[in-house]
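The residues making up each chain are set out below.
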Amino acid sequence: MHNAAFAACQLPGAYEARRVTPPDLGAAIAGLRMPGTLGANLTLPHKERVLAHLDTLSPAARAIGAVNTIVHRDGQLHGDNTDAPGLLAALAQAGDGGHRPAAVLGAGGAARAAVWALRSQGREVWVINRTPEKAAALTAELGGAARAREDVPWSEVGLIVNASSAGLANLSQTPLPDFDFTGLPPEALIYDMVYKPAETRLMAEARAQGRRAENGLGMLAHQARLAFVRWTGCEPDIEVFFSALGQGARRA
Ligand SMILES: NC(=O)c1ccc[n+]([C@@H]2O[C@H](COP(=O)([O-])OP(=O)(O)OC[C@H]3O[C@@H](n4cnc5c(N)ncnc54)[C@H](OP(=O)(O)O)[C@@H]3O)[C@@H](O)[C@H]2O)c1
């Protein structure tokens, strides 16, 4: 995606993947202070541990406690979180109304970004997690309320965000087994952050019961675009990112 964006902006940059083990994180981050380096993205398991290696944090990164984007300026490293605004952009594109109560499944780093983002829209958020104590700790910090599945008033829920890794690379897994999607409002959206497979079991079951469902490719594209804008100041069309993902003409 980023190499397509460099080309679209006619900038001479390059983006490459590096595998970094936890003991090597400090050295890898120090390497970003080199002149000519714009920054980096991070993924599991580094998003939270990296905070100690950075000079400044955006309000979102500080509140969420996770960084997915590092911006380098004159030897200083700034940590940001574009997962949260990337999710909101993807939800808006998927037709989420932005006001009904939301249920977030999971309590890891992605769930923290989701809860922070949805709360920033002023929404009621219920968090459901396999390990309930983690949902309680998350909501104590970020707002919303931890709930057991049976205690959620599903008829009020306009959005379910799967921020758990249930279903990731596994078609037989779902974070909501034996769930009655018809108990949700008819216009409810089920947003699965997982994008491999393209249709998860959660999505398939929601669609089979007449509810809209989207995978996490939109969030992936939007968080990438927001990172690119922070690094370069150039604002490529989101279609550049969808095309690079093999998902051209998403707006058509
Ligand atoms: N689309 C995007 O751009 C994007 C961006 C970020 C993340 N993601 C996706 O979001 C997911 C979560 O990422 P993360 O960084 O938050 O991971 P994480 O910190 O490891 O958290 C994983 C969460 O999933 C729960 N979980 C794992 N297996 C489960 C299962 N079989 N049934 C029910 N719950 C299960 C865990 O519950 P416990 O607390 O009980 O262990 C935990 O709450 C991943 O699939 C990741 O690929 C997508």
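Residues numbered from 1 in each chain as written. Predicted model: local features only at pLDDT ≥ 70, side-chain atom pairs only at ≥ 80, totals over all residues. Heavy atoms only, no water.

- The chain appears in an unreviewed UniProt entry as shikimate dehydrogenase (NADP(+)) from Deinococcus irradiatisoli.
- Check the Catalytic activity (unreviewed entry) section of the UniProt entry for the chain; it says "shikimate + NADP(+) = 3-dehydroshikimate + NADPH + H(+)".
- Per UniProt, the chain has the following entry under Pathway (unreviewed entry): "Metabolic intermediate biosynthesis; chorismate biosynthesis; chorismate from D-erythrose 4-phosphate and phosphoenolpyruvate: step 4/7." (UniProt positions renumbered as here; feature names shortened; annotations may be inferred.)

Points about the overall build of the chain
Move 1: Tallying secondary structure elements over the chain gives nine helices and 10 strands in all.
Move 2: In summary, the chain has a C-alpha radius of gyration of 18 Å against a globular reference of 18 Å for 252 residues, a match within 12%.
Move 3: Based on the C-alpha atoms only, the size of the chain along its principal axes is roughly 55 × 40 × 35 Å.
Move 4: Within the chain, buried positions represent 46% of all 252 residues.
Move 5: Considering only intrachain contacts with a sequence separation of at least 6, the fraction spanning at least 24 residues in the chain is 61%.
Move 6: Carbon and sulfur atoms provide 52% of the accessible area of the chain, an area that totals close to 11,900 Å².
Move 7: Within the chain, one finds 24 positive and 24 negative side-chain charges whose respective centroids are separated by 2 Å. (Helix = DSSP H or I, 4+ residues; strand = E, 2+ residues; numbered from the N terminus. Rg over C-alpha atoms; globule rule 2.2 N^0.38 Å. Buried < 20%, exposed > 50% of the residue type's maximum accessible area, 1.4 Å probe, protein only. Contact = heavy atoms within 4.5 Å. Areas by Shrake-Rupley, 256 points an atom, 1.4 Å probe, with all protein chains shown as cover. Lys, Arg positive; Asp, Glu negative; His and termini not counted. Charge placed at Lys NZ, Arg CZ, Asp CG, Glu CD.)

Quick notes on the sheet that holds strand β4 (residues 76-80)
Move 1: The mixed open sheet is built from four strands, whose spatial order is β1-β3-β4-β2. The open sheet is flanked by β1 (39-41) and β2 (56-57), the only strands paired with a single partner.
Move 2: Bridging between β2 and β4 involves two bridges; their strand directions are parallel. Residue T56 lies in a different strand from β4, and its bridge partner there is H78.
Move 3: Contacting β1, β3 (69-73) and β4, helix α8 (residues 217-232) crosses the sheet at an angle of about 10 degrees to β3. (Pairing = 2+ DSSP bridges. Axes fitted to C-alpha atoms, helices over the stretch in contact; angles between N-to-C directions.)

Notes on the pattern of salt bridges
Move 1: Under the criterion given, the structure shown has nine salt bridges.
Move 2: Between E141 and R112 there is a salt bridge, with the nearest N and O atoms lying 2.8 Å from each other. Here the residue E141 occupies a position in helix α6 (residues 132-142), and R112 occupies one in helix α5 (residues 109-120), the gap between them amounting to 29 residues.
Move 3: For R112, a relative accessible area of 14% translates into the label buried.
Move 4: R207 is paired through a salt bridge with E199; the nearest N and O atoms lie 2.7 Å apart.
Move 5: The exposure class of E199 is partly exposed, given its relative accessible area of 36%. (Salt bridge = Lys/Arg side-chain N within 4 Å of Asp/Glu carboxyl O.)

Considerations on the UniProt feature "domain: Shikimate dehydrogenase substrate binding N-terminal" (unreviewed entry) in the chain
Move 1: Sites flagged by UniProt as "domain: Shikimate dehydrogenase substrate binding N-terminal" (unreviewed entry) map to residues 1-70.
Move 2: Secondary structure over residues 1-70 splits into 27% helix and 10% strand, and the C-alpha atoms at its two ends are 17 Å apart.

Quick look at the site of the ligand
Move 1: Taken together, 24 residues lie near the ligand, and A107, A110, N129, R130 and T131 sit nearest.
Move 2: In this structure, G216 approaches the ligand through a main-chain N or O atom, which is 3.0 Å from a nitrogen atom.
Move 3: In the complex, the protein chains occlude 80% of the 940 Å² of accessible area that the ligand would expose alone.
Move 4: Every element with two or more residues in the shell around the ligand is listed here: α5 and α8.
Move 5: Tallied by class, the residues present in the shell around the ligand amount to 11 nonpolar, nine polar and four charged. (Near = heavy atom within 4 Å. Polar contact = N/O pair within 3.5 Å; in protein donor to acceptor, adjacent residues only side chain to side chain. Nonpolar A, V, L, I, M, F, W, Y, C, P; charged D, E, K, R; others polar.)

Notes on the pairing of strand β5 (residues 102-105)
Move 1: Residues of β5 alternate between two faces, with A102 and V104 on one and A103 and L105 on the opposite face, all of them buried.
Move 2: Note: β5 against strand β6 (residues 125-128), four bridges, orientation parallel. What sits directly across from A103, in β6, is W126.
Move 3: Sheet topology note: the β5/strand β8 (residues 159-162) ladder contains four bridges and is parallel. Note that in β8 the partner of A103 across the bridge is I160.

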